[in-house]
2 protein chains.
Amino acid sequence: MRPTVHDIAAEAGVSLATVDRVLNNRPGVRAVTRGKVEQAIATLGYVRDVAAANLAKGRGYSLNFILPAGENSFMRGLEAEVRAAKAHLASERTEITIRCVPAFDASALADALAEARRQRPAGVAVVAVDAPEVVRAVEELRQEGIAVVTLVSDLPGSTRDHFAGVDNIAAGRTAGNLMGRFLGDRAGPVAVVAGSMLVRDHRERLEGFQAVMHECFETRLLLPVVEGQDDAALVEKLVGGLIERHPDLAGIYSLGAGNRGLVAALEKAGKAEAVCAIAHELTPHSRAALLSGTIDVLLNQDAGHEIRSAIRVLKAKADGLPVIEAQERIRIDIFLKDNLPNGQA
Amino acid sequence: MRPTVHDIAAEAGVSLATVDRVLNNRPGVRAVTRGKVEQAIATLGYVRDVAAANLAKGRGYSLNFILPAGENSFMRGLEAEVRAAKAHLASERTEITIRCVPAFDASALADALAEARRQRPAGVAVVAVDAPEVVRAVEELRQEGIAVVTLVSDLPGSTRDHFAGVDNIAAGRTAGNLMGRFLGDRAGPVAVVAGSMLVRDHRERLEGFQAVMHECFETRLLLPVVEGQDDAALVEKLVGGLIERHPDLAGIYSLGAGNRGLVAALEKAGKAEAVCAIAHELTPHSRAALLSGTIDVLLNQDAGHEIRSAIRVLKAKADGLPVIEAQERIRIDIFLKDNLPNGQA
DNA sequence: GATATTTTGATTTACGTACATCAAAACTTC
DNA sequence: GAAGTTTTGATGTACGTAAATCAAAATATC
């Protein structure tokens with residue numbers, strides 16, 4: 001049987017009340033007595049039963065998730081994962097609230113954060129927009145002792161407790177490495193389609209991609225970046241133009257959303273096979289394109305992992321517990337058609 | 001506030017005892033009354049507080065892990081992850097016991113399973129050896145209501161509750177796809193080094209690799225498989241021989257262990273750059289070789305994820321709860337030097 | 001050595017659920 | 001409608017910890 005507080009009291013030769021004072025570091029215990037209790041804890045190997053403790057404290061965790069609204073299928077997938085976690089955690093004294101705000105709108109996000117603060121949750125997870133007013137709103141949350149985790153897109157310059165997302169520079173480098181190797185000696189330039197250079201993760205992916213191309217495949221011509229605003233129709237038009245202007249186009253790296261447009265343009269031009277296409281995020285559409293061969297590689301961040309990691313971290317921070325960084329690292333999934341998971345998404 | 005059993009009783013206009021009878025489906029409740037209670041549960045949105053319930057039940061989970069002994073660094077990594085989980089779960093009424101048995105020894109494994117049965121744990125996780133006596137031992141555990149999860153290597157033909165490991169056919173296919181694409185038009189044959197064809201996961205990786213090479217890169221010559229017994233010295237000798245006999249060797253797929261030998265042979269022959277090497281499992285050595293460029297791709301299964309998944313599943317099964325298969329799928333990590341995690345391992 | 005102060009003990013209640021007991025009420029059945 | 005059976009209520013204890021109260025003991029202060 002695991003030792004309880006009673007066992008500690010007996011072992012240390014003190015009362016239950018004193019053990020409680022030591023365990024919850026309340027005042028009124030002499031150093032000698034505290035030592036005896038700590039000794040007993042050590043020899044018996046006592047560990048506090050967190051479930052019982054939370055029950056006694058009447059503690060619950062209330063968490064707020066703030067996500068961008070809109071059609072972005074990755075974000076909608078994220079939201080679905082939050083809802084799934086919410087259902088699952090209902091039995092574990094954890095209550096989750098979801099709030100959607102217009103995408104890329106810093107002031108709307110700052111307002112949402114201010115409102116979250118009024119609800120005094122234990123923690124807030126937010127897909128950050130990189131702007132000063134957002135940083136300020138986060139700081140105010142932190143000052144009230146509310147834990148903050150940034151999700152997918154980080155907020156440097158703030159004191160957020162943690163970032164639950166992938167290393168986008170590494171993602172871009174990975175795309176560059178694969179592009180360079182897949183093309184081998186084949187001639188022709190490589191194009192890059194971004195969503196918007198205003199978004200931090202896109203900037204970082206581009207940075208990584210260009211770095212590797214310059215370091216390792218310096219003879220390959222990189223065309224100037226075009227911005228598709230994560231909009232399928234615009235992406236299709238832009239990629240169509242690229243193919244027309246560069247009939248020998250060898251590869252395309254699409255580091256934002258709007259993959260439907262990318263796929264449509266490649267297939268209409270009959271370039272599905274000839275052009276090596278690397279894109280981001282596994283969705284039903286991108287999955288189909290990977291299987292058909294139009295897309296050659298998909299880089300992905302697992303939304304479910306990000307959400308569950310964010311929740312674990314928020315709870316730990318709310319309890320003042322340490323976080324195991326290695327366990328919370330979100331990996332970059334590389335999907336070829338041969339290692340696609342069978343399930344949904 | 002979340003509703004409690006008391007709220008249900010009040011809402012349904014029955015006593016606490018009746019609510020309890022319904023919740024834990026004990027006998028002695030008329031259908032009408034049961035209906036009233038269920039209605040109240042639905043309207044109030046009651047969810048049982050599992051922490052409080054476990055506390056009341058005095059329930060704890062005792063889990064047994066049975067792993068292969070020996071020098072295999074992947075297995076030692078697994079064991080380290082089990083120990084880490086054990087420490088972490090001490091505060092959550094979960095007790096983990098680890099037992100190591102000689103590798104590839106079916107009867108020793110069957111004995112260990114029989115002994116585990118005597119301890120009557122809630123669940124057992126085991127790295128299976130694919131043999132009839134092991135299947136029998138697993139069946140006996142299952143008949144006593146003990147949950148069983150196979151780890152890393154599955155046990156088809158048994159009624160184990162779950163397999164926590166990667167799809168090794170997909171892993172082999174992935175290796176084949178990458179090998180074919182990385183080589184492109186470069187001439188030369190490809191060699192495969194396995195550990196032993198007696199081991200199921202090695203057989204499956206080989207099967208996947210060969211399938212893709214034949215389907216998609218049919219002009220590429222595949223040399224006959226050599227078996228290195230997961231032994232670094234033997235692997236080094238075998239690979240050295242391959243390089244001598246085939247000066248134009250283009251690629252090597254090492255689907256087992258003994259990567260140290262692979263790396264040594266390639267580097268001694270001055271073929272570190274020329275030969276495309278794909279191997280399995282991220283260890284300090286393979287990591288270094290990936291960074292230096294001797295190994296081009298590492299496929300990996302995350303030991304920590306496998307262990308934590310096994311624990312979640314065992315607990316769920318012990319409670320008779322459903323498992324979210326999508327959440328428990330163990331992915332195949334593909335590591336290039338650009339997306340290596342920073343941490344340990 | 002009397003008084004003030006700090007430290008400790010003993011005891012109680014609470015958290016939300018499980019489980020047991022015994023009595024009371026509601027039904028069957030003939 | 002009496003006897004038997006099933007259903008329901010009322011109540012208490014337990015799980016391991018938190019938190020509070022008040023009294024008792026130990027120590028410090030002058």
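Residues numbered from 1 in each chain as written. Chains lettered and ligands numbered in written order. Predicted model: local features only at pLDDT ≥ 70, side-chain atom pairs only at ≥ 80, totals over all residues. Heavy atoms only, no water.

Structural notes on the side chain of N54 of chain A
- If you trace the backbone, N54 of chain A turns up in helix α4 (residues 50–57).
- Non-local contacts of N54 of chain A, meaning those with residues more than four positions away in its chain, are made with R59, Y61 and R93 of chain A. (Helix = DSSP H or I, 4+ residues; strand = E, 2+ residues; numbered from the N terminus. Contact = heavy atoms within 4.5 Å.)

A word on the protein's contact with DNA strand D
- Near DNA strand D you find 27 residues, and of these Y46 and R48 of chain A together with T18, R30 and T33 of chain B are the closest.
- Sugar and phosphate atoms constitute 70% of the interface atoms of DNA strand D, taking the interface as everything within 4 Å of the protein.
- At 2.9 Å, a backbone N or O of V5 of chain A approaches a phosphate oxygen of DNA strand D.
- Take L55 of chain B: an N or O atom from its main chain is 3.4 Å from a base oxygen of DNA strand D.
- Of all the elements in the fold, those that place two or more residues in the surface near DNA strand D are α1 (5–12) and α4 of chain A together with α2 (16–23) and α4 (50–57) of chain B.
- Here the surface near DNA strand D gets four residues from one element, more than from any other, and that element is α4 of chain A. (Near = heavy atom within 4 Å. Polar contact = N/O pair within 3.5 Å; in protein donor to acceptor, adjacent residues only side chain to side chain.)

Examining the relation of the copies chain A and chain B
- Each copy superposes on the other: chain A lies on chain B with an RMSD of 0.2 Å after a rotation of 179 degrees and an axial shift of 0.0 Å. Such values leave the two copies arranged in the relation of a two-fold axis.
- The share of interface residues of chain A whose copies in chain B are also at the interface is 98%, consistent with both copies meeting through the same surface. (Least-squares fit on C-alpha atoms with pLDDT ≥ 70 in both.)

A short note on the pairing of strand β1 (residues 61–68) of chain A
Residues and elements named next belong to chain A.
- Most of β1 sits out of view: seven of its eight residues are buried.
- Bridge count between β1 and strand β2 (residues 94–101): eight bridges; the pairing is parallel. Following the sheet pairing, L63 is matched in β2 by I96.
- Handedness of the crossover joining β1 and β2 through helix α5 (residues 73–89): right-handed.
- As defined by bridge partners, β1 adjoins strand β3 (residues 123–126) across four bridges and the pair is classed as parallel. Note on β3: the bridge partner recorded for L63 is G123. (Buried < 20%, exposed > 50% of the residue type's maximum accessible area, 1.4 Å probe, protein only. Pairing = 2+ DSSP bridges. Right-handed = clockwise from strand over helix to strand, strands pointing away.)

Points about the environment of E71 of chain A
- Secondary-structure assignment places E71 of chain A in the loop between β1 and α5.
- Distance from E71 of chain A to R30 of chain A, taken between C-alpha atoms, is 62 Å for residues 41 residues apart in sequence.

Here's the deal with the interface of chain A and chain B
- On the side of chain B, 40 residues touch chain A, which itself brings 40 residues to the contact.
- Carbon and sulfur atoms make up 52% of the surface buried where chain A meets chain B, a total of about 3700 Å² over both sides.
- For chain A, the biggest contributors to the area lost against chain B are R181, R331 and D338 of chain A; these three give 20% of the whole.
- Across the contact surface, chain A and chain B share 10 salt bridges. (Buried area = accessible area lost by both parts, 1.4 Å probe. Salt bridge = Lys/Arg side-chain N within 4 Å of Asp/Glu carboxyl O.)

Topic: unusual backbone geometry
- For F104 of chain A, which is not a glycine, the phi torsion comes out positive at approximately 60 degrees.
- Summarising the element assignment, F104 of chain A is placed in the loop between β2 and α6 (106–119).
- A relative accessible area of 59% places F104 of chain A in the exposed class.
- With a phi close to 55 degrees, R93 of chain B is a non-glycine residue in the positive phi region.
- With respect to the helices and strands, the residue R93 of chain B is situated in the loop between α5 (73–89) and β2 (94–101).
- The class for R93 of chain B is partly exposed, based on a relative accessible area of 23%.

Describing the sheet that holds β1 of chain A
Residue and element names in this part refer to chain A.
- What the five strands build is an open sheet, ordered β2-β1-β3-β4-β5; its pairing is parallel. With one partner strand each, in any of the chains shown, β2 and β5 (162–164) form the two edges of the open sheet. When the angles between neighbouring strand axes are averaged without regard to direction, this sheet yields 20 degrees. (Axes fitted to C-alpha atoms, helices over the stretch in contact; angles between N-to-C directions.)

Regarding the protein's contact with DNA strand C
- Among the 27 residues in the neighbourhood of DNA strand C, the closest are listed as T18, R30 and T33 of chain A together with Y46 and R48 of chain B.
- Here DNA strand C approaches the protein such that, of its atoms within 4 Å, sugar and phosphate make up 69%.
- The side chain of R21 of chain A places a nitrogen or oxygen atom 3.0 Å from a base oxygen of DNA strand C.
- Contact between DNA strand C and A52 of chain B: a base nitrogen at 3.3 Å from a main-chain N or O atom of the residue.
- Mapped onto the surface near DNA strand C, the elements with two or more residues apiece are α2 (16–23) and α4 of chain A together with α1 (5–12) and α4 of chain B.
- Ranked by residues supplied to the surface near DNA strand C, first place goes to α4 of chain B with four residues.
- Within the surface near DNA strand C, the residues separate by chemical class into 10 nonpolar, eight polar and nine charged. (Nonpolar A, V, L, I, M, F, W, Y, C, P; charged D, E, K, R; others polar.)

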